[in-house]
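Chain residues, written in single-letter form:
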Amino acid sequence: MKRREIETMGAEKDTHHRIEQLIKEMTLIEKIGQMSQFAGGNGLNHHLMEHVRDGKVGSILNQVGVDVLNEMQRIAVEESRLGIPIIFGRDVIHGFQTVFPIPLGQAASWNPEVPRKGARISAIEAARDGIHWTFAPMVDVTRDPRWGRIAESLGEDPFLAGQLGAAMVRGFQGDDLSDIKSIAACAKHFAGYGYSEAGKDYAYVNISDNEMRNIVLPPFKACVDAGVATFMTAFSDLNGIPATAHENLLKDILKGEWNYDGFVVSDWDSVIQLITHGFSENPKAAAKASVNAGLDMEMASHTFLQHLDTLVSEGSVLEENLNDSVRRILKVKFDLGLFERPYTDQKLFPQNGNEDHLAVAKEAAIESLVLLKNDYETLPLKPERIQNLAIIGPLADDGFEQMGTWTFDGKESFSQTPLQAIKEAMGPDVNIHVARGLHTTRDNSQDLFKEAMEAAKKSDTIIFFMGEESILSGEAHCRADINLPGAQNKLLEKISKLGKSTILVAMAGRPLILDHTRDLVNSLLYAWHPGSMGGPAIVDVLLGKSVPSGKLPVSFPKSVGQIPIYYNQRNSGKPGTHESFTHINDIPPRAPQTSVGNTSFHLDDGFEPLYPFGFGLSYTHFEYHNLRLSTHNMQANETLDVSIDVFNAGSLDGQEVAQLYIRDLFASVTRPVKELKAFEKVFIQSGETKTLNFKLTVADLSFVGKDNKTIWEPGVFQLWVGGDSNAWVNEKFELMTDKTENNEK
Ligand code: GLC
């Protein structure tokens, strides 16, 4: 049946009917074809096009160029038996050609509008190029900055990651998935990938049910609730069962409990890797295990095409399983409008990298910047007080590096660097002395130090642009030592001895170890990898045209030895306290065993991070007063109204992220010492007070208990509101016993 007949098939355009009709028409090989995703390449691959004509290709990833994609689509639609369109996929993680801050940086905005708008523009630019589907958002919760993919994550907290991941889904998919400027999103990597052992990519993952249900899964559920069209399985071996063949994850939880109707694609070769895991004996077994576990589409490897027909004929895999997968895949293709409009017409799109797109990228970068230190109010800079300004570091003028990881299509020519922006912003009276200081961020030589020292000696103010090149984070780019790489600290040590006014702007794809580094400078601004418009954004903040408002989406450890360190930890029976902590340097000689505090801390680094989750300074400062609860005895069917007054006590207007945390003081399973349950970013003028209102319901107080059911339990809760996870303004309230005694939410 040719495609045109599909269009006229049946009076109603009912997608379900059209899908069922198609499935009736499809051969077994054509069904398996829809479940197979091939890797594209450069230009038109004629061998691949033969597979397309044979109906063996449901999707192609990493093929770019609208003319090639349109030609591939034409072959699928006009030259295959059923004319089913291909869905073209691509990693559009934080931008297509206009690049936004890395997702971890976008998370530092604590503003869902930032990732939503970024994803919206990314979708428009990718769709213009013929892409229908992005493999984002990545909502893997992680607490391990050694792991290179923390750069793509939305941080350590399930609530923040869920809110921002859902915003990205809405951005990519728009209000209508069939709109030409919408693309299908993909929640990944399902699940547990962020717990890779030792922060080493692809390593074993050992997570309890309790941790999975209460920390790892909620952001994925938030994406389901936001209507995410697809999921991707993780590479990980999850508690002995690789996620790609994990029936409990894919069938019981995702498609069962969550009633998910989208489709699940494997990660690259993660089906054939079931053999490497030592889980499947051969490709045929790998195909069987993954399909029977609920996987719908195989990425890059082709065990489905090689073995599923035999597996079906021998009864090891039910054809109804394949029909279900094909239904899911075809539904996304219909929802995308690919049957009605299989080709891309670039005339219907704005130019990539236009000023509107770049303006949104700049605003995102501004909101992602986190001010970690600002002694003596070194920032904002006052150009009128600067005669000579030194700009030192390998990242001051590198439009490629500032884009960060996963920027296959990022256009460096769209990038505006910090040096370019500084030259533009500083008047003719300021002499700017530029020195690279190191060849690359990894450079251990000191042969460029002399030039840097000379620039510093001539200057009264010094801005360092240091950190990590983009290649040092992202997939498979993990580091065991996450200090500033190379000789960067050595250069800072030398120049700090000059006693000048020094600012470090750090660009990196992860939290770095800054315990020593921060002592070498007066001010420290964390820029992550800020994307195309990182330069103007950073300079606007350095000059005070914008007031920094970013807050950390992940804790910064004092040392690698502290990892994992995160705010929402369990209390243990003997938590570290300031009273009980004894520093290694304070222990007297021949100290007897019990003379040093017997609680949970490291003798050298204590029990607190260098910078806590939710932390970020401003050029003004905010005070929290008058925390009020609508009741201190909350019934399960009531809403708890929480109000707080936030006062801008400083001399500048600014934005603050007020964060609301709770603690369930005792429960049938231990609960974290703090849990983020709400946040609001608000602009407050200097001297002004704003009252913020939050609402909590019993759902916010629920958790997954011993039998993997979501429950709530009566008892006392503590509630804090403040500007970071060390918030101290707090109240207690009691969740009362429910008369009906039925405590399942
Ligand atoms: C990679 C990544 C995944 C990505 C996929 C396609 O290996 O793990 O996040 O979407 O392959 O490029």
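What counts, and at which threshold
Per chain, residues are indexed from 1 in the order of the written sequence. Local features in a predicted model are, by the rule used here, given only for residues with pLDDT of at least 70; side-chain atom pairs are given and counted only at 80 or more, and totals for whole chains, interfaces and linings are based on all residues. As a convention, hydrogens and water are excluded, and side-chain values are obtained from all of the structure's heavy atoms. Here a strand is any run of E in DSSP of at least two residues, a helix any run of H or I of at least four, and the numbering for each starts at the N terminus. Type-normalised accessible area, obtained with a 1.4 Å probe on protein chains alone, sets the label of each residue: buried when under 20%, exposed when over 50%, and partly exposed for intermediate values. Contacts were defined at the residue level, with two residues in contact if any of their heavy atoms lie within 4.5 Å. Per-residue and other accessible areas were derived by the Shrake-Rupley procedure at a 1.4 Å probe size, with only the shown protein chains allowed to occlude residues. Throughout this description, a polar contact denotes any pair of N or O atoms lying within 3.5 Å of each other; where both atoms belong to protein, one of them has to be capable of donating a hydrogen while the other can accept it, and for residues adjacent in sequence the pair is counted only when both atoms sit in side chains. Fitted lines through C-alpha atoms serve as axes, helices being fitted only where they are in contact, and the angles separating the N-to-C directions of these axes extend from 0 to 180 degrees. Each angle gets one of four labels, with under 35 degrees taken as roughly parallel, over 145 as roughly antiparallel, 65 to 115 as roughly perpendicular, and the rest as oblique. Should the near helix be turned anticlockwise from the far one by less than a right angle, the crossing is termed left-handed; should it be turned clockwise, right-handed. In this count, Pro and Cys sit with the nonpolar residues alongside Ala, Val, Leu, Ile, Met, Phe, Trp and Tyr, while Asp, Glu, Lys and Arg are called charged and the others, Gly among them, polar. If DSSP finds at least two bridges between two strands, the strands pair. Here the expected length of a helix is defined as 1.5 Å per residue gap, with one fewer gap than residues. Think of it this way: one heavy atom of a residue within 4 Å of a molecule or strand is enough to make that residue near it. For every residue, the predictor reports its confidence as pLDDT, a number between 0 and 100. Among the buried residues, those of types Ala, Val, Leu, Ile, Met, Phe, Trp, Tyr and Cys that are joined through side-chain atoms within 4.5 Å form a nonpolar core. A cavity here means a set of points on a 1 Å grid, drawn over the protein atoms and nothing else, where a 1.4 Å probe fits but cannot get out; a pocket is an open set with protein on both sides within 12 Å along at least five of seven lines, and a residue lines either one if it has an atom within 4 Å of a point. Grid points are joined across faces, edges and corners, and a volume is the space filled by probe spheres set on the points. A clockwise path from the first strand over the helix to the second, with the strands pointing away from the viewer, defines a right-handed crossover.

J.: Would you mind going over the overall build of the chain with me for this structure?
T.: Secondary structure assignment for the chain yields 20 helices and 26 strands. With respect to the principal axes defined by its C-alpha atoms, the chain has extents near 80 × 70 × 55 Å. Expressed as a percentage of its 745 residues, the buried residues of the chain come to 61%. Partitioning the contacts of the chain with sequence separation of at least 6, the portion at a separation of at least 24 is 77%. Accessible area for the chain stands at about 27400 Å²; split by element, carbon and sulfur atoms hold 48% of it.

J.: Which parts of the structure should I look at to understand the environment of R479?
T.: Along the chain, R479 turns up in the loop between β14 (461–467) and α19 (488–496). Exposure remark for R479: the relative accessible area of 15% places this residue in the buried category. For R479 and P145, which are 334 residues apart along the polypeptide, the C-alpha to C-alpha distance reads 8.4 Å. Polar contacts involving the side chain of R479 include one to the side chain of E468, which spans 2.6 Å. A polar contact is formed between the side chain of R479 and the backbone oxygen of N483, at a distance of 2.8 Å.

J.: Could you clarify how one ought to interpret the packing of helix α4 (residues 46–53) against helix α5 (residues 66–79) in this entry?
T.: Packed helices, taken two at a time, are described by their axes: the angle between them and the distance between them. Interhelical geometry of α4 versus α5 gives an angle of 30° and a closest axis separation of 9 Å. When the axes of α4 and α5 are compared, the pair comes out roughly parallel. Classified by chirality, the crossing of α5 by α4 is right-handed. Between α4 and α5, the residues in contact are L48, M49, V52 and R53 and M72, I75, A76 and E79, respectively. When the residues that make up the contact of α4 with α5 are grouped by side-chain class, the tally is 6 nonpolar, no polar and 2 charged.

J.: Sorry if this is basic, but what is going on with the sheet that holds strand β4 (residues 133–134) here?
T.: Hydrogen bonds between backbone atoms are what pair the strands of a sheet, whose relative direction is either parallel or antiparallel. The 5 strands lie next to each other as β4-β3-β2-β1-β10, forming an open sheet whose pairing is parallel. The open sheet terminates on both sides in strands that have one partner only, identified here as β4 and β10 (298–299).

J.: Help me understand helix α15 (residues 319–335) in this model?
T.: In an α-helix, one turn spans 3.6 residues; hence positions three or four apart end up facing the same way. For α15, which comprises 17 residues, the first-to-last C-alpha distance of 24 Å matches the rise-based estimate of 24 Å (1.5 Å per residue) to within 8%. Note on α15: the residue one or two positions beyond its end, G337, has a positive phi of about 80°.

J.: Teacher, can you tell me more about the sheet that holds strand β5 (residues 186–190) here?
T.: Taken in spatial order, the 3 strands make up an open sheet running β5-β6-β9, and their pairing is parallel. Bordering the open sheet on either side are β5 and β9 (263–265), each of which pairs with just one other strand. Here the strands of the sheet are splayed against their neighbours by 25° on average, with no regard to which way each runs.

J.: Looking at this structure, I do not really get the site of the ligand. What am I missing?
T.: Neighbouring the ligand are 13 residues; D91, R149, K188, H189 and D267 lie closest to it. Between the ligand and the protein, one listed contact pairs an oxygen atom with a side-chain N or O atom of R149 at 2.7 Å. Residue K188 places a side-chain N or O atom 2.7 Å away from an oxygen atom belonging to the ligand. Coverage of the ligand by the protein amounts to 94% of the 310 Å² it exposes when considered alone. For the shell around the ligand, the per-class residue count stands at 7 nonpolar, 1 polar and 5 charged.

J.: Would you mind going over the confidence of the model for the chain with me for this structure?
T.: The predicted coordinates should not be examined in detail at positions where pLDDT is low. The share of residues in the chain with pLDDT of 70 or more is 97%, and the mean pLDDT across the chain is 96. Considering only residues more than four positions removed or in separate chains, one finds that residues 8–12, a stretch of pLDDT under 50, has 5 contacts.

J.: Explain the nonpolar core to me, please; I cannot follow it from the model alone.
T.: One broad trend across soluble globular proteins is that nonpolar side chains are buried collectively. Counting residues in hydrophobic clusters, the biggest one holds 119 residues, and the most contacted among them are F190, F231 and L330. In this structure, A435, A456, I462 and L610 belong to the second largest nonpolar core, which totals 40 residues.

J.: Hey, could you run me through empty space enclosed by the protein in this one?
T.: Picture a little ball the size of a water molecule; that probe, rolled over the atoms, points out where space is still empty. Applying the stated rule across the entire model yields 5 cavities of 30 Å³ or more. Volume-wise, the largest cavity comes out at about 110 Å³. Around the largest cavity, the lining is made up of 15 residues, and of these Q34, V52, G55, S80 and I84 lie nearest the centre. Residue assignment for the lining of the largest cavity shows that the elements contributing at least two residues are α3 (28–34) and α4.

J.: What's the story with the packing of helix α2 (residues 15–25) against α15 in this structure? I'm lost.
T.: The N-to-C vectors of α2 and α15 enclose an angle of 130°; their axes lie 10 Å apart at closest approach. In terms of axis orientation, α2 runs oblique to α15. As for the relative orientation of α2 and α15, their crossing is right-handed in sense. Of α15, the residues touching α2 (which contributes T15, R18, I19, E20, L22 and I23) are N323, V326, R327, L330, K331 and F334. A class-by-class count of the residues in the contact of α2 with α15 yields 6 nonpolar, 2 polar and 4 charged.

J.: So what exactly am I meant to see when it comes to the environment of L629 here?
T.: Its location among the elements puts L629 in strand β17 (residues 622–629). Between the C-alpha atoms of L629 and I711, which are 82 residues apart in sequence, the distance is 23 Å. In this structure, L629 is in contact with L640, D641, V642, L719, E731, K732 and F733, ignoring residues within four places of it in sequence.

J.: Would you explain the pairing of strand β15 (residues 501–507) in this entry?
T.: Each regular strand displays side chains that alternate between the two surfaces of the sheet. In terms of burial, β15 is largely enclosed, as 6 of its 7 residues are buried. Examined bridge by bridge, β14 and β15 share 7 bridges and lie parallel to one another. Following the sheet pairing, F465 is matched in β15 by V505. Since β14 and β15 lie parallel, the crossover through α19 that links them has a hand, and here it is right-handed. Examined bridge by bridge, β15 and strand β16 (residues 523–526) share 4 bridges and lie parallel to one another. Opposite L504, over in β16, you have L524 as the bridge partner.

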